[in-house]
Amino acid sequence: MEQIALNWGVEPDIYSVSDLTQGMRAVLTDHFTDIRVAGEISGTKLPASGHYYFTLKDEIAQIRCVCYKMTARYLKFKPQDGIAVLVRGRIDVYDARGEVQLIVDAIEPQGHGALQLAFEQLKRKLAMEGLFDAARKRTLPAMPERIGIVTSPTGAVIRDILQILERRFPGRHVRIYPALVQGEGSIEQVTAGIEYFSESGWAEVVIVARGGGSLEDLWTFNEERVARAIAASTVPVISAVGHETDFTIADFVADLRAPTASAAAELVICTRQSLEDRVTAGEIKLRQGMRLSLALLARRFHGLAVDQARLHRAIGKQMQRVDELDYWLREKWRGVIDGRRRGLDAVAARLGQRDVRLRFARVRARLEACEASATQSMKLRLSKAGGEWGPLEAHLRQLSPLKILDRGYAIVEREGKIVKSPEDAPVGSEIRVRLAEGGLAATVSSAHS
């Protein structure tokens, strides 16, 4: 049976997945461009790309969030699991998974100040790296001649430091590196000042100072760049930031923390009067020690004192002992020398008995006898060989073809070959005729068969 196609009206639109996600993005970005979302951070991840990925959730729902590296650089604190935050950003769609995600532009903790949280995070990070360890902190010089100061060139702080230094110990060399201590550019200028004194090697100690203020005002000295510049300094650093109750990251990293800028000036060098008092006290102790030492030496020499007669007797006994030892030593050496002399005489006698000339004479006689025996043996061998060689030579001569030449025969040769027929020596060729004695050279003038 043939089926009939039914038309139910207008055909519905068909979307591809890409079209659908793009449409979702268009709708969401139009209505959720700049929104604020409150929730708790969970599942924070930080891959090598530097982007932060985390989930923002509440009791009922959750949404994925991403904070790109360029944005994360300017956050006061870093995302951390379990922190309730207020996030500002925009909604977007991640095409690869078709997921809705929140692009984060700013984060602010709820119930906990962002600056305080950032302070705690950096403090914990640097403490784990060992930048706060007492073992790495250096002792300040007792009497620095050259003092470097990184602070604002205007204001009460620098005036207080200079007045106290001049009052406590005049004549110190002071060099000021002017820097902003608050606001934009302050981080770079404070860091540059610390690095200047570290690299130049001019200063023996550096004071980083600032007056009091709020946490925001003092924030330059809670930045990681400033803290690492202090830690890397080749010169001891005193941190004098804020009032006595204020604490910054720079205070923990510095070699010494001063509660105020004025206290830093008092800690960096003692007063001239205190130095003179210390010298005076040392002089008094030195005099007392010298008197005590002289008294002890006098007592010791008094205990060792003896009368002259006793001293003479002791010296006489020692001299007698020396004479006895001298006599014993002489006798000992005389016996040793006599024994060595007797041994030398015995060796000389044995050498006389073993005169080398006699041995040479015996060896020469044996050599001459051997030579005569060898000569006689050779003569006998040669005579015997001659007797055996004569008959052989005579027999060989009888068999030699040259013997035929003695009967008037001759051997004709041409070019080193024996001529046996006229063909071997054609007319005009050079031939050699070998006779019993000597030979002839000739030229063939005719040939006969």
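Numbering of residues starts from 1 in every chain and runs along the sequence as written. With the structure being a predicted model, the display of local features is reserved for residues of pLDDT at least 70 and the display and counting of side-chain atom pairs for 80 or more, all residues being used for whole-chain, interface and lining totals. Computation of side-chain values: all heavy atoms of the structure, hydrogens and water removed.

Chemist: Give a description of the pairing of strand β11 (residues 411–414) that names residues and reports values.
Modeler: Strand pairing requires that DSSP identify at least two bridges connecting the strands. The numbering of helices and of strands both runs from the N terminus, where a helix is a DSSP run of H or I of at least 4 residues and a strand a run of E of at least 2. Judged from the three bridges that link them, β11 and strand β13 (residues 430–434) form a sheet pairing that is antiparallel. If you follow Glu413 over to β13, its bridge partner there is Arg432. Pairing of β11 with strand β12 (residues 417–418), which is carried by two bridges, proceeds in the antiparallel orientation. The residue bridging Arg414 from the neighbouring strand is Lys417, located in β12. If you look at the hairpin formed by β11 and β12, you'll find two residues sitting between the two strands, and Glu415 has a positive phi there, around 55 degrees.

Chemist: So what about the sheet that holds strand β4 (residues 84–94)? Which residues, and what values?
Modeler: What the five strands build is a closed barrel, ordered β1-β2-β3-β5-β4; its pairing is mixed. Direction aside, the axes of adjacent strands within the sheet are offset by 55 degrees on average. Two residues form a contact once any of their heavy atoms are found within 4.5 Å. Comment: axis = line fitted to C-alpha atoms, over the contacting stretch for helices; angle = value between 0 and 180 degrees taken between N-to-C directions. Along the sheet face, helix α1 (residues 17–31) touches β4 and β5 (99–109) and points at about 140 degrees away from the line of β4.

Chemist: I'd like a description of helix α5 (residues 186–200), backed by residues and values.
Modeler: A helix is expected to span 1.5 Å for every residue after the first. Here α5 contains 15 residues, and its C-alpha end-to-end distance of 21 Å stays within 8% of the 21 Å for a straight helix at 1.5 Å per residue. For α5, the set of buried residues is Ser186, Ile187, Val190, Thr191, Gly193, Ile194, Phe197 and Ser198. For α5, the angular spread of the buried residues around the axis is 155 degrees, confining them to a single face. Following α5 by one or two positions, Gly201 has its phi on the positive side, about 75 degrees. We call a residue buried when its accessible area falls under 20% of the maximum for its residue type, exposed when it is over 50%, and partly exposed in between, using a 1.4 Å probe and counting protein chains only. By definition, the arc is the one covered by directions from the helix axis to the C-beta atoms.

Chemist: Let's hear about the confidence of the model for the chain: which residues, and what values?
Modeler: Scored from 0 to 100, pLDDT reflects the predictor's confidence in each residue. Chain-level statistics for the chain give a pLDDT mean of 82 and a share of 91% at 70 or above. Across the chain, the element-wise mean pLDDT spans from 76 in helix α9 (residues 272–304) up to 93 in α5.

Chemist: Lay out the pattern of salt bridges in plain terms, naming residues and giving numbers.
Modeler: One speaks of a salt bridge when a side-chain nitrogen belonging to Lys or Arg is within 4 Å of a carboxyl oxygen belonging to Asp or Glu. Across all of its chains, the model carries 20 salt bridges by this definition. Residues Glu331 and Arg334 are paired through a salt bridge, measuring 2.7 Å at the closest nitrogen-oxygen approach. One end of the pair, Glu331, and the other, Arg334, are both in helix α10 (residues 308–353), three residues apart, so they sit about a helical turn from each other. Under the relative-accessibility criterion, Arg334 is labelled partly exposed at 43%.

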